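Results of the structural survey
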Amino acid sequence: MVGDQLEIRGPVGGWFVWRPTDPNPVQLIAGGSGIVPLMSMIRAHEASGNPSQFRLLYSLKSPESGFYREELLTLNQGSPKLTVDYVYTRKVPEGWPMAPKRLTAETLLASILPADMAPDIFICGQTMFVETVTEWMVQAGYPTASIKTERFGGTGGIR
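Residues numbered from 1 in each chain as written. Predicted model: local features only at pLDDT ≥ 70, side-chain atom pairs only at ≥ 80, totals over all residues. Heavy atoms only, no water.

1. Side note on the pairing of strand S5 (residues 147-152)
The sheet contact formed by strand S4 (residues 120-126) and S5 spans 6 bridges and is parallel. Bridge pairing in S5 links Gly-125 to Arg-151. Crossover S4 to S5 through helix H4 (residues 127-139) is right-handed. (Pairing = 2+ DSSP bridges. Helix = DSSP H or I, 4+ residues; strand = E, 2+ residues; numbered from the N terminus. Right-handed = clockwise from strand over helix to strand, strands pointing away.)

2. Digging into the pattern of salt bridges
Scanning all chains against the criterion turns up 4 salt bridges. Arg-43 serves as the salt-bridge partner of Glu-71, at 2.6 Å between the closest nitrogen and oxygen. With Glu-71 in helix H2 (residues 69-78) and Arg-43 in helix H1 (residues 35-47), this pair connects stretches of sequence that are 28 residues apart. Judged by relative accessible area, which is 26%, Glu-71 ranks as partly exposed. Residue Arg-151 is joined to Glu-131 by a salt bridge in which the shortest nitrogen-to-oxygen separation is 3.3 Å. Here the residue Arg-151 occupies a position in strand S5, and Glu-131 occupies one in helix H4, the gap between them amounting to 20 residues. A relative accessible area of 26% places Glu-131 in the partly exposed class. (Salt bridge = Lys/Arg side-chain N within 4 Å of Asp/Glu carboxyl O. Buried < 20%, exposed > 50% of the residue type's maximum accessible area, 1.4 Å probe, protein only.)

3. Observations concerning the nonpolar core
Counting residues in hydrophobic clusters, the biggest one holds 21 residues, and the most contacted among them are Leu-28, Leu-38, Ile-42 and Leu-56. Listed by contribution, the elements that provide at least two residues to this core are strand S1 (26-31), H1, strand S2 (54-60), H2, strand S3 (82-88) and S4. Looking at this core element by element, the count peaks at 5 residues for H1. Ranked by size, the runner-up nonpolar core spans 16 residues in total, among them Leu-57, Ile-112, Trp-136 and Met-137. (Core = buried A, V, L, I, M, F, W, Y, C linked by side-chain atoms within 4.5 Å.)

Okay, here's the thing in structure tokens:
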């Protein structure tokens with residue numbers, strides 16, 4: 001109501017940042033709307049003179065549920081610095097080579113930069129998505145210090 005006071009705070013974290021001076025290749029992993037902060041990194045990278053490789057793995061329910069579809073398509077086709085891979089969990093685009101399926105550890109590891117490239121890794125999505133993907137990556141030998149996460153939604157749940 002008029003006169004009510006609200007307390008508002010910004011995002012929690014602050015270290016989920018890519019800087020144009022960072023020399024490492026970068027692996028981005030997004031679940032649904034988790035693409036939003038990662039898209040800021042992609043845009044900053046494209047605008048910079050930084051030649052490091054960026055790779056995005058984007059998990060979506062369907063092609064229609066994706067954010068930045070046209071921009072990502074244009075960048076994926078025209079940028080030598082960015083590769084975009086998709087996993088569709090409920091509906092695939094026409095002509096897609098595989099049926100929809102949930103992201104698995106095997107699909108993840110086949111679609112990201114290998115650990116021996118020492119990429120900086122940024123993962124964003126719902127809490128369970130972020131925790132599961134992070135666990136798979138640590139089990140596969142990616143150093144925990146290289147994995148940065150942001151999440152939204154509840155803080156726990158049943159897998």
